[in-house]
Amino acid sequence: MKKVFIYRNDLKKSRVIADELREKLALKGIAVSEELTGDVDLIINVGGDGTFLSLMQNFEFPTVRVAGINTGHLGFFQEIAPEETDRLIDAYLNDELCSQKYNIVKAEITRKNGEVVAYRALNEFVLKGKGTRPIHLDIGINDSFIEKFSGDGIIVSTPAGSTAYNYSLGGSIVDPRLNLLQVAPMAPMNTTAYRSLTSSFLIPAEDQVIIKPADSKNRDLTMLYDGRELRLRDISSISFRLSNRKINLVRFGDTPFWDKVKNKFL
Ligand code: NAP
């Protein structure tokens, strides 16, 4: 049986669209669940990309398909326009929906006392120092030390997040069919005193990025995951790798990824 869960932000426009959607689904005999239960086979998210990110974080990255109706600004995940709601319902009823899988990134944070905590993100993790001071970090890939980074911070993004903060920092846009992580520097210092890579680099899905404070003065960090802020103390190391879990974004199937990039950015 077809069953839909509707998630939305608190904007009046989103409330109106979600109410209309509920009525239209009921008229077509489609059940609407008040909660994200195991038998839901489609989530409809009404809002902007920020709402999409909060849905993912709040429900721990559900693997069930998600269709995004855009009431925000850019709408990179939220690809469906409000006036395309009927087309979405018909395609769902006729089993004609396509979906694009997106990787998520997992961070494991190890404190000096050995405690380990994990977080996941769809767009990216950002690591910065306390306040406005530069941060000094040892960056490695698997067991190999690569560089001592000095600058504002480091951002580790997925292909999904490559068009977000990563892009503003000069990182590359990545087709979501590629399974990789991108590590981009934020204002890297590159002088005779400090030597840091000045461009982003890409690592394959099977590898992990290991970041350690360069010394005891750099153990307190600020971490952002999909825009949510976390203060970290007494850090020993943080590892980043692609998670095995992938999310499923509903698409109508007629717009290639690079056309979407062209439409949203150029
Ligand atoms: P926000 O400040 O309300 O929105 C940031 C902007 O990023 C919005 O226009 C949003 O689209 C867009 N966006 C989000 N994910 C995207 C993606 N994967 N590709 C292209 N654009 C995307 O904050 P928010 O909505 O909670 O989003 C958090 C995200 O903001 C973070 O994950 C980070 O990537 C981004 N961010 C960017 C900068 C920067 O570019 N300098 C700085 C801090 C954070 P909508 O308009 O559809 O919501």
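What counts and how
Counting restarts for each chain, with residues numbered from 1 along the sequence as it is written. Under the rules for a predicted model, residues below a pLDDT of 70 receive no local features and side-chain atom pairs below 80 are neither given nor counted, while totals for whole chains, interfaces and linings still include all residues. Water and hydrogen atoms play no part in the side-chain values, which are based on all heavy atoms of the structure. Put simply, a residue is near a molecule or strand once any heavy atom of it comes within 4 Å of that molecule or strand. Between N or O atoms, a polar contact is any pair within 3.5 Å; within protein, one atom must be a potential hydrogen donor and the other a potential acceptor, and residues adjacent in sequence are included only when both atoms are from side chains. Working definition of accessibility: Shrake-Rupley area with a 1.4 Å probe, residue cover restricted to the visible protein chains. Secondary structure counts use DSSP, requiring at least four H or I residues in a row for a helix and at least two E residues in a row for a strand, with both numbered from the N terminus. Charged residues are taken to be Asp, Glu, Lys and Arg, nonpolar residues to be Ala, Val, Leu, Ile, Met, Phe, Trp, Tyr, Cys and Pro, and polar residues to be all remaining types, Gly included. Domain delimitation follows an automatic or database domain assignment. By definition here, a salt bridge exists when the distance from a side-chain nitrogen of Lys or Arg to a carboxyl oxygen of Asp or Glu is within 4 Å. For each residue, the accessible area found with a 1.4 Å probe, counting protein chains only, is set against the maximum for its type, and the residue is called buried under 20%, exposed over 50%, and partly exposed in between. We call Phe, Tyr and Trp rings a pair once their centres come within 6.5 Å, taking the six-membered ring for Trp, and we label the pair stacked below 30 degrees between planes, edge-to-face above 60, and tilted otherwise. Placement of a positive charge over a ring is assigned whenever Lys NZ or Arg CZ falls within 6 Å of the ring centre and within 35 degrees of the normal to the ring plane. Contact between two residues is taken to exist if any of their heavy atoms lie within 4.5 Å; hydrogens are not considered. Buried area is understood as the total, over both parts, of accessible area removed when two parts are fitted together, assessed with a 1.4 Å probe.

A word on the site of the ligand
So, point 1. Lining the immediate surroundings of the ligand are 18 residues, of which Leu74, Gly75, Glu124, Thr163 and Ser168 lie closest.
So, point 2. Note that an oxygen atom of the ligand is positioned 3.0 Å from one of the backbone N or O atoms of Asp49.
So, point 3. Take Gly50: an N or O atom from its main chain is 3.5 Å from an oxygen atom of the ligand.
So, point 4. For the ligand, whose unbound accessible area comes to 840 Å², protein coverage reaches 65%.
So, point 5. Those elements that place two or more of their residues in the shell around the ligand are α2 (49-58) and α4 (165-168).
So, point 6. Ranked by residue count, the leading element in the shell around the ligand is α2, at 3 residues.
So, point 7. Taken together, the residues that form the shell around the ligand break down as 7 nonpolar, 8 polar and 3 charged.
So, point 8. Counting contributing residues per domain, the shell around the ligand is built from domain 1 (3-96) and domain 2 (104-243), each supplying no fewer than three.

So, the pattern of salt bridges
So, point 1. In this structure the tally under the stated criterion is 14 salt bridges.
So, point 2. Ionic pairing is found between Lys260 and Glu79, a salt bridge with its closest N-O pair at 2.7 Å. In this pair, Lys260 is assigned in helix α5 (residues 257-265) and Glu79 in the loop between β4 (66-70) and α3 (85-93), connecting sequence segments 181 residues apart.
So, point 3. Among the residues examined, Glu79 registers a relative accessible area of 23% and is labelled partly exposed.
So, point 4. The partner of Asp175 in a salt bridge is Arg177, and the shortest N-O contact between them spans 2.7 Å.
So, point 5. Taking relative accessible area as the criterion, Asp175 reaches 9% and is therefore assigned buried.
So, point 6. Bridged by salt links that share partners, the residues Glu79, Arg251 and Lys260 form one connected network.

Re the packing of aromatic side chains
Any pair of aromatic rings gets described here by the distance separating the centres and the angle formed by the planes.
So, point 1. What the rule picks out here adds up to 10 aromatic pairs.
So, point 2. Each ring, one from Phe5 and one from Phe59, has its centre 5.5 Å from the other, and the planes form 70°; the classification is edge-to-face. Linking Phe5 in strand β1 (residues 3-8) with Phe59 in the loop between α2 and β4, this pair joins segments that are 54 residues apart in sequence.
So, point 3. Their ring planes at 80° and their centres at 5.0 Å tell us that Phe257 and Trp258 sit as a pair that is edge-to-face.
So, point 4. With relative accessibility at 43%, the residue Trp258 sits in the partly exposed group.
So, point 5. Feature note: the residues Phe76, Tyr167, Phe257, Trp258 and Phe265 constitute an aromatic cluster, connected by ring pairs.
So, point 6. The cationic tip of Arg87 hangs over the ring face of Phe252; the distance from NZ or CZ to the ring centre is 3.9 Å.
So, point 7. Residue placement shows Lys260 over the ring face of Phe76; its charged tip is 4.4 Å from the ring centre.

Section: the environment of Val46
So, point 1. Here Val46 is to be found in strand β3 (residues 42-47).
So, point 2. As a C-alpha pair, Val46 and Ile17 span 29 residues in sequence and 7.5 Å in three-dimensional space.
So, point 3. Aside from chain neighbours lying at most four places away, what touches Val46 is Ile6, Tyr7, Arg8, Asn9, Ser14, Ile17, Ala18, Leu21, Thr51, Ile69, Thr71 and Gln78.

What about the domain arrangement of the chain?
So, point 1. When the domains of the chain are assigned, the result is domain 1 (3-96) and domain 2 (104-243).
So, point 2. A C-alpha centroid distance of 32 Å is found between domain 1 and domain 2.
So, point 3. Counting residues at the interface gives 10 residues for domain 1, matched by 10 residues for domain 2.
So, point 4. Looking at the side of domain 1 facing domain 2, the largest losses of area belong to Leu53, Gln57 and Phe61, adding up to 60% of the total buried there.
So, point 5. Counting across the interface, domain 1 meets domain 2 through 0 salt bridges.
So, point 6. At the junction of domain 1 with domain 2, the criterion picks out 3 residue pairs in polar contact (both at pLDDT 80 or more).
So, point 7. Considered class by class, the residues forming the side of domain 1 that touches domain 2 number 6 nonpolar, 3 polar and 1 charged.

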